[in-house]
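Structural features, examined
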Amino acid sequence: MIQTENLTKQFKTTLAVDRLTLQVQEGEVFGFLGPNGAGKTTTVRMLTSLIGPTSGKAIVNGFEVGKQDTDIRRSVGILTETPGMYDNLSAQFNLEIYASLYEVKDPKGQIEKYLRMLGLWDRRNDEAGTFSKGMKQKLAIARSLLHEPRLLFLDEPTAALDPEGARLVRDFIEELRKQGRTIFLCTHNLDEADRLCDRIGVFKSRLLVVDAPARLRSQLFGRKVVFHLHAPAPGLAQTAQALPFVQEARLVDNKLLVTLEDPDLHNPEIIRALVGAGAEIQFVGELRRSLEDVYLQLVKAA
Ligand SMILES: Nc1ncnc2c1ncn2[C@@H]1O[C@H](COP(=O)(O)OP(=O)(O)O)[C@@H](O)[C@H]1O
Ligand SMILES: [Mg+2]
């Protein structure tokens, strides 16, 4: 659905996107995660043919950026960071304008379908200016879907919303995923990316890593197992550390924290070694490393 190769955008003094090479599969919810100023919006604008890349290549929905821009713009849906609405026009009229712009086939039917789906049908005659932020965002989502794009770009869709509004929008993204649409979701919200996305690309001008959220947490950085001991025993850290698959072992009070890649496979051997060295193990658990730790580590290093 999306394929880029060394896609680059240089503004006068800013290298906003640096040789981005990426593939997003059909039906995937791809999280594009990065701090403010990382170049997420710039990337979306290039992938939706709103601005041209400085160099590199991108194929979107089978069309090439820079060569088939009209096809791209027609075939994708985009929810921008600050979607503008005509505040003094009704919700319905706002959508009608857009539907005619996009030559939507059955505008009345499509508008009704999405206003109903997003719970705005009863408010269709109200001016958009009277809507709450959450309702405006839902109206903007409806607008981005009128022409039934299979690929949808959502740029920080929940950033300006309160928790309730954010929840509604997230639930709706889940719904879109169930319909098999491909979603490119820009966010700086880790929790959101973790919950909604099949894969996450951590991005800060460059693509730092791409993986499934769970694998980002575990594979890349190891999992942490905690052994609760009857009493602190300094020698046990060395015992664990001596095992070839242990990345790190540290004693904190009477807890031994062991980092390793595959606890399911190696915990029994660690336990044998510890018991052999005289440990009295009361309890074994796993510390779930948050995606936030991983993310902060990556972004800081970049
Ligand atoms: N039109 C522009 N002209 C010059 N610099 C820009 C322009 N648009 C974005 N930038 C710069 O490019 C960088 C990335 O911006 P942006 O893509 O908006 O990041 P994000 O969406 O991740 O917050 C920022 O340093 C920003 O100031
Ligand atoms: Mg942005």
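Residues numbered from 1 in each chain as written. Chains lettered and ligands numbered in written order. Predicted model: local features only at pLDDT ≥ 70, side-chain atom pairs only at ≥ 80, totals over all residues.

What follows covers the sheet that holds strand β11 (residues 223–229). The four strands lie next to each other as β12-β13-β11-β14, forming an open sheet whose pairing is antiparallel. With partners counted over all chains shown, the strands left at the sheet margins are β12 (246–252) and β14 (281–287), one partner each. The mean angle between the axes of side-by-side strands here comes to 20°, regardless of whether they run parallel or antiparallel. Note: β12 against strand β13 (residues 255–260), six bridges, orientation antiparallel. Bridging from a neighbouring strand, Glu248 pairs with Thr259 of β13. The strands touched by helix α10 (residues 263–276) within the sheet are β11, β13 and β14, with β14 carrying the most contacts at an inclination of about 150°. (Pairing = 2+ DSSP bridges. Helix = DSSP H or I, 4+ residues; strand = E, 2+ residues; numbered from the N terminus. Axes fitted to C-alpha atoms, helices over the stretch in contact; angles between N-to-C directions. Contact = placed C-beta atoms within 7 Å.)

In the region of ligand 1, the neighbouring residues are Phe11, Thr14, Ala16, Gly34, Asn36, Gly37, Ala38, Gly39, Lys40, Thr41 and Thr42. Among the elements that take part in the shell around ligand 1, helix α1 (residues 40–47) stands out by supplying three residues, more than any other. Class assignment of the residues belonging to the shell around ligand 1 gives a composition of three nonpolar, seven polar and one charged. (Near = placed C-beta within 6 Å. Nonpolar A, V, L, I, M, F, W, Y, C, P; charged D, E, K, R; others polar.)

Looking at the protein chain, the domain boundaries give domain 1 (2–211) and domain 2 (223–289). When each unit is reduced to the centre of its C-alpha atoms, the spacing between domain 1 and domain 2 is 45 Å. (Domains from an automatic or database assignment.)

Right, let's get into the pairing of strand β1 (residues 2–10). Direction of pairing for β1 relative to strand β4 (residues 55–60): antiparallel, over a ladder of five bridges. Residue Gln3 lies in a different strand from β4, and its bridge partner there is Ile59. Where β1 and strand β2 (residues 15–24) come together, six bridges link them in antiparallel fashion. Looking at the pairing, Leu7 lines up with Leu20 of β2. Connecting β1 to the next strand, β2, in antiparallel fashion are four residues.

The relative placement of two packed helices comes down to the angle between their axes together with the axis-to-axis distance. At a closest axis distance of 10 Å, the pairing of helix α3 (residues 91–101) and helix α4 (residues 107–117) adopts a crossing angle of 130°. By the angle between their directions, the pair α3 and α4 is classed as oblique. For the element pair α3 and α4, the recorded crossing hand is right-handed. Together, Ala91, Gln92, Leu95, Glu96, Ala99 and Ser100 of α3 and Pro107, Gln110, Ile111 and Leu115 of α4 make up the contact between the two elements. When its residues are assigned to classes, the contact of α3 with α4 shows six nonpolar, three polar and one charged. (Parallel < 35°, antiparallel > 145°, perpendicular 65-115°, else oblique. Left-handed = near helix turned anticlockwise from the far one by under 90°.)

Spatially, six strands are ordered β6-β7-β8-β3-β9-β10 in an open sheet, and the strand pairing comes out mixed. Here the strands that pair on one side only, and so sit at the sheet edges, are β6 (76–79) and β10 (206–211). Strand-to-strand twist of the sheet, defined as the mean angle between neighbouring strand axes without regard to direction, takes the value 15°. Alignment of β6 against strand β7 (residues 151–155), held across four bridges, turns out to be parallel. Bridge pairing links Gly77 to Leu152 in β7.

Here we take up the packing of α3 against helix α5 (residues 133–145). Axis separation between α3 and α5 bottoms out at 10 Å; the angle between their running directions is 30°. Classified by the angle between their axes, α3 and α5 sit roughly parallel to one another. For the element pair α3 and α5, the recorded crossing hand is right-handed. Residue-level inspection shows Ala91, Asn94, Leu95 and Tyr98 of α3 in contact with α5, the latter providing Leu139, Ala142 and Arg143. In terms of residue class, the contact of α3 with α5 is built from five nonpolar, one polar and one charged.

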